[in-house]
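One-letter residues, chain by chain:
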Amino acid sequence: MMDLTKGGHPMDILCFGDSNTYGFDPRSYLGGRYPASVRWTGLLAAKTGWLIREAGQNGREIPAHPAELAGLARQVQPGQTVVLMLGTNDLLQHPWWTAEEVAARMACCLDVLRPACPVLLVAPPPMCPGAWVQEPALLQESARLSACYASLAAKCGADFADAGAWDVPLLFDGVHFSPEGHRAFAAGILPVLRRMEAGQ
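We now turn to the structure provided with this report. Every value quoted in this text rests on a predicted model; they were computed, and no experiment measured them. (Residues numbered from 1 in each chain as written. Predicted model: local features only at pLDDT ≥ 70, side-chain atom pairs only at ≥ 80, totals over all residues. Heavy atoms only, no water.)

## Observations concerning the packing of helix α5 (residues 99-113) against helix α6 (residues 136-156)
Packed helix pairs are characterised by how far apart their axes lie and by the angle those axes make with each other.
Item 1. Relative to each other, α5 and α6 sit at 35°, their axes nearing to 9 Å. Considering the relative orientation of α5 and α6, their crossing is right-handed. In this structure, α5 uses A99, E100, V102, A103, M106, A107 and L110 to contact α6, whose residues at the interface are E141, R144, L145, C148, Y149, L152 and C156. (Axes fitted to C-alpha atoms, helices over the stretch in contact; angles between N-to-C directions. Helix = DSSP H or I, 4+ residues; strand = E, 2+ residues; numbered from the N terminus. Left-handed = near helix turned anticlockwise from the far one by under 90°. Contact = heavy atoms within 4.5 Å.)

Next up, the structure:
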């Protein structure tokens, strides 16, 4: 049955993220994508009837330049809720950065989005040792990102969720969700979004 907000309309959610929002399958030789029935976004749509708008992009870092931030703002439509999950690629591409530096970039996004729309800031599951993740510093800062995002969300008036608490399995590269990971992520984020919906 379709979940409706108090206004009688399905929740409209823009999911803005990187390859784990896009649904990238690293097992594919050609850079393929999981089908909608596997992706966490597709699972949410099927479960709830909400309008789930996928805005995931492989390799995306946190928008920081004015043109990038303006582009993000243009994607958000009136009445939408934004699920924002980024930061992993920032650490992968700039392995000398700290979690605090990544959170400072995220603060620019929240300044653009809040208070114009409800935002759920999601700390991505920490990376684990794998083909893409071999530096101890990456593991350390990835694990520290959740606390930095939680503090930032509280300061900016955004909702927060820690995907690291949802036991999301990652594949051999130490970064990307397995099919089971997408199911675990969908199961973890669903009650958070239901609480946000109830508060509208």
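## Side note on unusual backbone geometry
A negative phi angle characterises most non-glycine residues, just as the trans form characterises most peptide bonds.
Item 1. The amide bond that connects R114 to the next residue, P115, takes the cis arrangement and shows omega of 5°.
Item 2. Turning to its location among the elements, P115 is positioned in the loop between α5 and β4 (119-123).
Item 3. Even without glycine at this site, D167 takes up a positive phi of about 50°.
Item 4. Examined against the element boundaries, D167 turns out to sit in the loop between β5 (159-162) and α7 (179-198).
Item 5. Assessed through its relative accessible area of 66%, D167 is described here as exposed. (Buried < 20%, exposed > 50% of the residue type's maximum accessible area, 1.4 Å probe, protein only.)

## Comments concerning the pattern of salt bridges
Item 1. The final tally for this structure, using the stated rule, is eight salt bridges.
Item 2. The partner of D25 in a salt bridge is R27, and the shortest N-O contact between them spans 2.9 Å.
Item 3. The class of D25 is buried, set by a relative accessible area of 11%.
Item 4. The salt bridge involving R39 is made with E54; its shortest N-O contact spans 3.0 Å. (Salt bridge = Lys/Arg side-chain N within 4 Å of Asp/Glu carboxyl O.)

## Comments concerning the nonpolar core
Item 1. Counting 35 residues, the largest nonpolar core has V82, L84, M106, L113, V119, L121 and Y149 as its most contacted members.
Item 2. For this core, the leading source of residues is α5, giving eight residues.
Item 3. When residues no more than four places from it in sequence are discounted, the contact partners of V82 are L14, V76, L113, C117, P118, V119 and L120.
Item 4. The next biggest cluster of nonpolar side chains, apart from the first, holds 25 residues, and it includes I52, F177, A184 and M196. (Core = buried A, V, L, I, M, F, W, Y, C linked by side-chain atoms within 4.5 Å.)

## Here's the deal with the sheet that holds strand β3 (residues 81-85)
Item 1. Read across the open sheet, the five strands follow the order β2-β1-β3-β4-β5; overall the sheet is parallel. The sheet is open, and its two edges are formed by β2 (51-56) and β5, each paired on a single side. Put simply, the sheet's adjacent strands are angled 20° from each other on average, direction ignored.
Item 2. Here strand β1 (residues 12-17) pairs with β2 via six bridges, running parallel. Across the sheet, residue I13 finds its bridge partner in β2, namely I52.
Item 3. Here helix α2 (residues 40-48) sits on the sheet in contact with β1, β2 and β3, set at roughly 175° to β2. (Pairing = 2+ DSSP bridges.)

## Brief notes about the packing of helix α3 (residues 66-75) against α5
Item 1. Contact pair α3 / α5: the axes reach a minimum separation of 10 Å and the direction vectors enclose 45°. What the angle tells us is that α3 and α5 run oblique. Both α3 and α5 take part in a crossing whose hand is right-handed. On the side of α3, the interface is formed by L69, L72 and A73, while α5 contributes C108, C109, V112 and L113.
Item 2. When its residues are assigned to classes, the contact of α3 with α5 shows seven nonpolar, no polar and no charged. (Parallel < 35°, antiparallel > 145°, perpendicular 65-115°, else oblique. Nonpolar A, V, L, I, M, F, W, Y, C, P; charged D, E, K, R; others polar.)

## Focus on the packing of aromatic side chains
Item 1. Scanning the model with the defined rule gives three aromatic pairs in all.
Item 2. With a centroid separation of 4.7 Å and 50° between ring planes, the pair formed by W40 and F185 is classed as tilted. Of this pair, W40 sits in helix α2 while F185 sits in helix α7, and the two are 145 residues apart along the sequence. Like F185, W40 is buried.
Item 3. Note on F177 and F185: the rings are 5.4 Å apart at their centroids and 35° apart in plane angle, and the pair reads as tilted. (Phe/Tyr/Trp six-rings, centres within 6.5 Å; stacked < 30°, edge-to-face > 60°.)

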